[in-house]
Every structure is written in C-alpha cells, then in structure tokens.
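Here are the chains, one letter per residue:
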Amino acid sequence: PVFLALVQWSPTLAMGFGQNILISLVAIGLGTVFGLLVGALGMSPFWLLRLPARIWIQVFRNAPWLVLIYFTTYVFPFEIRIGSTYISFPDWVKVTIGLALPASANVAEIFRGAVASIPSTQWEAARSLAFTRGQIFTSIILPQCFKRMLPPWMNLYAVITMGTALASLVGVHDVIDTAQIASNTVNQTGFTVIIYCSLLVLFFAYCYPI
C-alpha cells in the first residue's frame, strides 16, 4: 500500500519538481547576467565602479539564503500596479530573486577568478600590438574565460537547484510542499520515510549529471 500510494502521488511530485527546476533555471539565468556585470565592474580601474561591486559581492556571498528568501518575499509586494492594471507578483518569482542575489555574487567571483587565471603575458602581448583595454578584454581574455568558468558555474547551478527546496517555507507549491501534503494525506510513517527518500533520489538524479 505504501509503494502504491507513492506511485499515485508520483505525477503530482513530478509537477512540483518542475516548479523547482523552473526556479533554479530563472535564478541562475538572472544571477549569471547580473553577476557578469558586477564582476566586470569589480575589475574596473575606477574605484567608484569597483567599490559598489565589491560590496555587493561580499554582502550576498555571505548572506544566508533563507534570510534572502524571506527578505524578498516580504519586501516585494503581492501585486504591481501599472496604470489601471494590477499584475500579480507570485511567491515563486520572489524566491527566484532571493536565490539570484547570491548567485550573482558567486558568478561575479567565478568571472573574476577566470580572468585572473589568464597569464599576464597575454595582456602584455596584446598591449604591444596596440590593442586597447576594451579590445583585449572582449577579443582575447573573455573567449578564454568561458571554459574556465563552466565547471564552477555548473556546480553553482547544482547548489542553486538544491537551494530551491527552501521555497516551500514561504508558501511556494514545489516538490517539498507536495511531499508534505502527500505525507499528511496518507498519514503513514512508512510512506513519509519513503517519499522523502524519493525526493533525495530525485534531486540526486537531477544534480549529479550536472
């Protein structure tokens, strides 16, 4: 009966896990775009640009993710008014922003590390050929950074995916919330153990290949 109940709840769990995947993809996407911008500003020769970027990185790299998720959940409104139209601001979007903040700080550091790993002789050789700093950065340095950034970036995405499990704490109907509903509905200790073991397997099966 316990395994039969798990089979019956499997489609609902799959839909909930789809919500986790959606949050992780959007969060890493936003975090990557903003993180590259922050990382570039953090390496600027102008301290007025560099200082805010370094503060951003230090704050959001060291902030607890759960605190950020609660912060974005309660800071942003439930709906946004544009003219006479009200647009809802769902909780999963707020969680996505909460996860995108530390993702951006980590991507900025990954980017900085990739740039720093390029031998200084390449900068010097490019300068000797009269390349500007911008040309060196975009044409010589950045193309080499992609392969160096990819492994830590994929590791960060896997961590973000596991972090989406926190979404259920603020009312998002994800796979954890679905498992809690299933556990309360079936109300059997054996089923509760099996369903959470299944979630461990599910997250592992998704994250390990990454």
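Here goes a summary of the coordinates provided. Quick caveat: nothing in here was measured; it's all calculated off a predicted structure.

1. Details of the overall build of the chain
Item 1. Looking only at helices and strands, the chain has eight helices and two strands in total.
Item 2. Along the chain, helices (α) and strands (β) appear in the sequence α-α-α-β-β-α-α-α-α-α when read from the amino end.
Item 3. Taken over C-alpha atoms, the radius of gyration comes to 22 Å for the chain, far larger than the 17 Å a tight globule of 210 residues would show.
Item 4. Along the three orthogonal principal directions, the C-alpha set of the chain runs to about 75 × 45 × 30 Å.
Item 5. The buried share among the 210 residues of the chain stands at 38%.
Item 6. Taking the contacts inside the chain whose residues are at least 6 apart along the sequence as the reference set, 73% of them involve residues at least 24 apart.
Item 7. Side-chain charges in the chain split into 10 positive and 6 negative, and the spacing between the mean points of these groups amounts to 17 Å.

2. Considerations on the environment of S44
Item 1. Mapped onto the elements of the fold, S44 is located in the loop between α1 (2-42) and α2 (47-61).
Item 2. Distance in space between the C-alpha atoms of S44 and V186 is 58 Å, their sequence separation being 142 residues.
Item 3. Setting aside residues no more than four positions away along its own chain, S44 makes contact with L49 and R50.
Item 4. There is a polar contact of 3.1 Å between the side chain of S44 and the backbone nitrogen of F46.

3. What about a nonpolar patch on the surface?
Item 1. Together, W47, L48, L51, I55 and V59 line one region of the surface with nonpolar side chains, adding up to about 530 Å² of accessible area.
Item 2. Looking at the secondary structure, you find L48 in helix α2.
Item 3. Given the relative accessible area of 59%, L48 is considered exposed.

4. Side note on the side chain of S104
Item 1. Within the secondary structure, S104 sits in helix α4 (residues 91-116).
Item 2. With relative accessibility at 1%, the residue S104 sits in the buried group.
Item 3. A distance of 2.6 Å separates a polar atom in the side chain of S104 from the backbone oxygen of L101.
Item 4. Each residue touching S104, except ones within four places of it in the same chain, is listed here: G31, F34, G35 and W56.

5. Focus: the packing of aromatic side chains
Item 1. Under the definition given, this model contains eight aromatic pairs.
Item 2. One aromatic cluster in this structure is built from F17, Y157, F203 and Y206.
Item 3. One residue, K94, lies across the ring of F78, its end atom 4.2 Å from the ring centre.

6. Structural notes on the packing of α1 against α2
Item 1. Their axes nearest at 7 Å, the elements α1 and α2 cross at an angle of 130°. Put simply, α1 runs oblique to α2. At the point where α1 passes α2, the crossing takes the left-handed sense. Facing α1, whose interface residues are F34, V38, L41 and G42, α2 presents L49, R50, A53, R54, W56 and I57.

7. What to know about the packing of helix α7 (residues 175-186) against helix α8 (residues 189-207)
Item 1. Their axes nearest at 9 Å, the elements α7 and α8 cross at an angle of 165°. By the angle between their directions, the pair α7 and α8 is classed as roughly antiparallel. The two elements α7 and α8 cross, and the hand of that crossing is right-handed. Contacts between α7 and α8 pair V175, I176, A179, Q180, A182, S183 and V186 from the former with F191, T192, I195, Y196, L199, L202 and F203 from the latter.

8. Focus on unusual backbone geometry
Item 1. Although it is not a glycine, A130 adopts a positive phi angle of roughly 70°.
Item 2. By secondary structure assignment, the location of A130 is in the loop between α5 (120-128) and α6 (133-163).
Item 3. Judged by relative accessible area, which is 65%, A130 ranks as exposed.
Item 4. Located in the positive-phi region is N187, a residue other than glycine, with phi close to 55°.
Item 5. Examined against the element boundaries, N187 turns out to sit in the loop between α7 and α8.

9. A look at the environment of P45
Item 1. Note that P45 resides in the loop between α1 and α2.
Item 2. When its relative accessible area of 56% is taken as the criterion, P45 is described as exposed.
Item 3. Separated by 85 residues in sequence, P45 and A130 place their C-alpha atoms 19 Å apart.

10. Some points on the nonpolar core
Item 1. In this structure, V95, L99, V115, I141, C145 and I160 are the most contacted members of the largest nonpolar core, which totals 27 residues.
Item 2. Ignoring sequence-local partners within four residues, the contact set of I160 consists of S24, A27, I28, W65, L99 and A103.
Item 3. Ranked by size, the runner-up nonpolar core spans 14 residues in total, among them L13, F17, V175 and L199.

Thresholds applied
Counting from 1, residues in each chain are numbered in the order their sequence is written. Reporting of local features is limited, given that this is a predicted model, to residues whose pLDDT is at least 70; pairs of side-chain atoms are given and counted only at 80 or more, and all residues count toward the totals for whole chains, interfaces and linings. Side-chain descriptors were evaluated using all non-hydrogen atoms of the structure, hydrogens and water having been removed beforehand. Per the convention used, a helix needs a DSSP run of H or I reaching at least four residues, while a strand needs a run of E reaching at least two, with both numbered from the N terminus. Radius of gyration here is computed from C-alpha atoms only, and the compact-globule reference equals 2.2 Å multiplied by the residue count raised to the power 0.38. Exposure categories follow from relative accessible area, calculated using a 1.4 Å probe and restricted to protein chains: below 20% of the type maximum is buried, above 50% is exposed, and the middle band is partly exposed. The contact criterion used is simple: two residues touch if any of their non-hydrogen atoms lie within 4.5 Å. In this tally, Asp and Glu contribute negative charge and Lys and Arg positive charge; neither His nor the terminal groups of the chain are included. Taken as the charge location is NZ of Lys, CZ of Arg, CG of Asp or CD of Glu. Here a polar contact means two N or O atoms within 3.5 Å. Within protein one must be a hydrogen donor candidate and the other an acceptor candidate, and residues neighboring in sequence count only if both atoms are side-chain atoms. Two distance rules govern patches: like charges are joined within 9 Å, and nonpolar side chains (Val, Leu, Ile, Met, Phe, Trp, Tyr) within 5 Å, applied only to residues with over 30% relative accessible area and no salt bridge. The method behind every accessible area is Shrake-Rupley, applied with a 1.4 Å probe, and residues are considered shielded solely by the protein chains displayed. Any carboxyl oxygen of Asp or Glu that lies within 4 Å of a side-chain nitrogen of Lys or Arg is treated as forming a salt bridge with it. Stacked, tilted and edge-to-face are the three classes assigned to paired rings of Phe, Tyr and Trp, where Trp is represented by its six-membered ring and a pair needs centres within 6.5 Å; plane angles under 30 degrees give stacked, over 60 edge-to-face, the rest tilted. Placement of a positive charge over a ring is assigned whenever Lys NZ or Arg CZ falls within 6 Å of the ring centre and within 35 degrees of the normal to the ring plane. Axis definition: a line fitted to C-alpha atoms, over the contacting stretch in the case of helices. Angles run 0 to 180 degrees between N-to-C directions. Any angle that is under 35 degrees is reported as roughly parallel, and any over 145 degrees as roughly antiparallel; angles of 65 to 115 degrees are reported as roughly perpendicular and all others as oblique. Helix crossings are classified by the rotation of the near helix relative to the far one: an anticlockwise turn of less than a right angle makes the crossing left-handed, while a clockwise turn makes it right-handed. Residue types Ala, Val, Leu, Ile, Met, Phe, Trp, Tyr and Cys, when buried and joined through side-chain atoms within 4.5 Å, form a set referred to as a nonpolar core.

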